[in-house]
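Structure assessment
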Protein chains: 2
Amino acid sequence: MTPGGRRPDDGDRYKAILETAARLICERGYEGTSMQEIAAACRLTKAGLYHYIQNKEQLLFAIMSYGMDLFEGQVLAKVRDIADPVERLRSCMRRNIELVTHGAAKEVIIILHEHATLTGEAREYIDQRKKQYVRFIESAFSEAVKQGQMRPLDPTIVAFSFLGMVLWVYKWFKPDGRLTAEQIINGMVDLFFAGLAAPGAAGSSSATVLSLVPGVPTAAGSEKP
Amino acid sequence: MTPGGRRPDDGDRYKAILETAARLICERGYEGTSMQEIAAACRLTKAGLYHYIQNKEQLLFAIMSYGMDLFEGQVLAKVRDIADPVERLRSCMRRNIELVTHGAAKEVIIILHEHATLTGEAREYIDQRKKQYVRFIESAFSEAVKQGQMRPLDPTIVAFSFLGMVLWVYKWFKPDGRLTAEQIINGMVDLFFAGLAAPGAAGSSSATVLSLVPGVPTAAGSEKP
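The written sequence of each chain sets the order in which its residues are numbered from 1. Chains and ligands are labelled sequentially in the order written, the chains with letters from A and the ligands with numbers from 1. For this predicted model, a pLDDT threshold of at least 70 governs which residues receive local features, and a threshold of 80 or more governs which side-chain atom pairs are given and counted, while totals over whole chains, interfaces and linings are taken from all residues. Water and hydrogen atoms were dropped before computing side-chain values, which therefore reflect all heavy atoms in the structure.

**Structural notes on the confidence of the model for chain A**
Across the chain, each position has a pLDDT score giving the predictor's confidence in that residue, from 0 to 100. For chain A, per-residue confidence averages 84 on the pLDDT scale, and 84% of positions sit at 70 or higher. Note on contacts: a residue pair qualifies if any of its non-hydrogen atoms lie within 4.5 Å across the two residues. Predicted confidence for residues 202-225 of chain A stays below pLDDT 50, and this span has 38 contacts to residues more than four positions away or in other chains.

Following this line, the structure appears as structure tokens:
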């Protein structure tokens, strides 16, 4: 399934439309943004906009697909091949918070905020991509439990605790606030991984975790590029 | 500040209107719900609805105020006087997850989802009530650190990690799903408090925490009613 209604050679223009529409929808919500307003912000007539976009729901779907591409490229693809499951999760949390705290994330915010707006096949498709991420976290965690590195909690509760901590950041993070993205990353990684560490597991004892105070780079810096 | 535009003796009718409007807004979003639809669902004319509600934003504000009342009554008021700060936080997490997983929470979901929709004074007022909750968590945590029960992480990161885990539940919890609210509560309490426990602190060592597997009631059961 690919976003329809566009010509391949209109790629740059199309991407610029998605960016502009994402900014408006992020500010005003999906229902609060009209196609007329999106066209005007893109300096297009409404008819001109419909040259690129079939309809408003198709536009939302295209933005969410683009957001999932961003997320998968900047988070999942970068950590998927890390052999150690704890390092994989740690690096994943780091990169996910980076994505949410950096300005380019409006498409990701729309995925989070308009989660119930899409319908039918389009919703099914985005939901499947989201579920793959939940399964990725569950399975890295289960692997770490098998290896004796983490305690045997319920993998789904662990995955959604991870996601809740990390994704909620978009609601409260302020780029000019007291806490930097790096401090938030270090604090959350510390809290979350200390909470899951098996007693006495190598590299994840309380003593090790205690040394990860905000501002000090974590072992996640050693991830593969 | 109280929700305006209503007669005191219309209280029951007014509350029923808020309930109905909250259900619609929860399903369709604020921008996706018209006053006409709310009136119809309340079996009122639009003019009849405006007898109770000044305008749509006033309605949203009234729903959010009611949601904050619910939250403060069912969570904050019940745990505020627990002397031990760790028990206070533990009980708070338990009660907050209960609120989010139980059907009556549509007003709370609207507070979470429409966080950027209100404007001006009304928004300021709701934001202040939310900030009081963040400060409550921060200060209970700081107290626990002072007493040597918890590790000295940044209180704001700790508070928003707590809130992220707990409030994100509204996005994924299914009443007929595999996990019960009780299992989610026990898993999250276990993970979060193990992550914060000071090494060797009484009642919060890894060994104690390990015994809190899902399904087994936690020490939070001992809270004051």
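Don't stop here, the text continues.
**A word on the UniProt feature "DNA-binding region" (unreviewed entry) in chain A**
UniProt positions are given in the numbering used here, feature names are shortened, and annotations may be inferred rather than shown by experiment. Per the UniProt annotation, the sites labelled "DNA-binding region" (unreviewed entry) are residues 34-53 of chain A. Only DSSP runs of H or I covering at least 4 residues are called helices, and only runs of E covering at least 2 are called strands; the numbering of each starts at the N terminus. With 70% helix and 0% strand, the stretch residues 34-53 of chain A has end C-alpha atoms that lie 13 Å from each other.

**So, the relation of the copies chain A and chain B**
Least-squares fitting of one copy onto the other uses the C-alpha atoms of those residues that reach a pLDDT of at least 70 in both copies. At an RMSD of 0.0 Å, chain A and chain B line up after a rotation of 180° and a shift of 0.0 Å along the axis. This pairing of chains is accounted for by a two-fold axis. When each C-alpha of chain A is compared by its distance to the rotation axis, Gly-195 of chain A comes out closest, at 1.7 Å. Residue by residue, 97% of the interface of chain A is reproduced at the interface of chain B, so both copies engage with the same surface.

**So, helix 5 (residues 85-101) of chain B**
By this rule, a helix spans an expected 1.5 Å times one less than how many residues it contains. In a regular helix each residue adds 1.5 Å, so 17 residues correspond to 24 Å; helix 5 of chain B covers 24 Å between its end C-alpha atoms and thus fits that length. For every residue, the accessible area obtained with a 1.4 Å probe (protein chains only) is divided by the maximum for its type, and the residue is called buried under 20%, exposed over 50%, and partly exposed between those limits. In terms of residue burial, helix 5 of chain B counts as a mostly covered element, since 16 of its 17 residues are buried.

**A look at the interface of chain A and chain B**
With 36 residues of chain A at the contact, the number on the chain B side is 35 residues. As a working definition, buried area equals the accessible area (1.4 Å probe) given up by two parts on being put together, with both sides summed. Considering only the surface of chain A that becomes buried against chain B, Ile-157, Trp-168 and Leu-191 of chain A emerge as the three largest contributors, covering 20% of it. We define a salt bridge as a contact between a side-chain nitrogen of Lys or Arg and a carboxyl oxygen of Asp or Glu at a distance within 4 Å. Viewed at the interface, chain B and chain A are joined by four salt bridges. Between Asp-154 of chain B and Arg-178 of chain A there is a salt bridge, with its nearest N and O atoms 2.9 Å apart. The definition of a polar contact used here is a pair of N or O atoms within 3.5 Å, where within protein one atom must be able to donate a hydrogen and the other to accept one, and adjacent residues in sequence count solely through side-chain atom pairs. Taken together, the connections running from chain A to chain B amount to nine residue pairs in polar contact (both at pLDDT 80 or more). For the side of chain A that touches chain B, the secondary structure elements donating two or more residues are helix 6 (106-113), helix 8 (155-172), helix 9 (181-196) and helix 10 (206-210) of chain A. When residues in the side of chain A that touches chain B are grouped by element, the largest group, 11 residues, is from helix 8 of chain A. Here the side of chain A that touches chain B is composed, by residue class, of 19 nonpolar, 10 polar and seven charged. Think of it as three bins: nonpolar holds Ala, Val, Leu, Ile, Met, Phe, Trp, Tyr, Cys and Pro, charged holds Asp, Glu, Lys and Arg, and polar takes everything else, Gly as well.

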